[in-house]
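Topology and contacts: notes
Single-letter residue listing:
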Amino acid sequence: MQREQRANTTVRWLAALAVTLLLEQAACFGTAHQSTGCEDCSARTTATLPQRLVIAPESGGSSCPRVITDAGGNRLTLLRVLPNGRADYTITPGLYGARENEALRLDCKDGTVAGLVHL
């Protein structure tokens, strides 16, 4: 009898955990996507993607420079500026594991790389 109660308790706990995870996922991909603070939910990471890039501010007031050059000399060009100081940059397919039609998303304030996003 105790074994059945423990099993039922475990099953209930796992079910509650699964529901919680599904609700979090739905909040991230739901219709209120912009208001959830989940702009990077679809960002993909790879083993070769740097955690951070050095950003040199440009004159003109934008915190997102038009061009970033990484440590290997690869030039990344600004595609679009997003809310919360993030931006997407063009990236050569193959660089950092990028695929065709992907861009590199990063935080312009500190250069933190969020990942690769599909265009």
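Higher on the page you've got the structure.
Residues numbered from 1 in each chain as written. Predicted model: local features only at pLDDT ≥ 70, side-chain atom pairs only at ≥ 80, totals over all residues. Heavy atoms only, no water.

1. A word on the nonpolar core
The tendency in soluble globular proteins is for nonpolar side chains to be buried as a group. Our working rule: The nonpolar core is taken to be a set of buried Ala, Val, Leu, Ile, Met, Phe, Trp, Tyr and Cys residues, with the residues joined through side-chain atoms within 4.5 Å. Exposure is judged per residue with a 1.4 Å probe applied to protein chains only, and the accessible area is read against the type maximum: over 50% gives exposed, under 20% gives buried, and values in between give partly exposed. Going along the chain from the N terminus, every DSSP run of H or I of four or more residues is numbered as a helix, and every run of E of two or more is numbered as a strand. Note on definitions: a residue-residue contact is assigned when non-hydrogen atoms from the two residues lie within 4.5 Å.
Within the largest apolar cluster, 17 residues are counted, with the highest numbers of intra-cluster contacts made by L53, I68, L76, Y89, I91, L104 and L106. Contributions of two or more residues to this core are made by β3 (86-90), β4 (102-107) and β5 (113-118). Setting aside residues no more than four positions away along its own chain, L104 makes contact with L49, L53, L76, A87, D88, Y89, I91, V113, G115 and L116.

2. Quick notes on the sheet that holds β5
The condition is simple: One bridge is not enough; two strands pair if DSSP finds at least two bridges between them. Helix axes are fitted only over the stretch in contact, all axes being lines through C-alpha atoms; the angle between N-to-C directions runs from 0 to 180 degrees.
Taken together, 5 strands build an open sheet; the order of strands is β1-β2-β3-β4-β5 and the sheet is antiparallel. The open sheet terminates on both sides in strands that have one partner only, identified here as β1 (67-69) and β5. When strand polarity is set aside, the average angle formed by the axes of neighbouring strands in this sheet is 35°. Note: β3 against β4, 5 bridges, orientation antiparallel. The residue of β4 that forms the bridge with R86 is D107.

3. Focus: the environment of L53
With respect to the helices and strands, the residue L53 is situated in the loop between α1 (2-29) and β1. On the accessibility criterion, L53 (6% relative accessible area) is buried. C-alpha separation for the pair L53 and I68, spaced 15 residues apart in sequence, amounts to 8.3 Å. Once you skip the residues sitting within four places of it in the chain, L53 turns out to touch I68, D70, L76, Y96, L104, L106, D110, G111 and V113.

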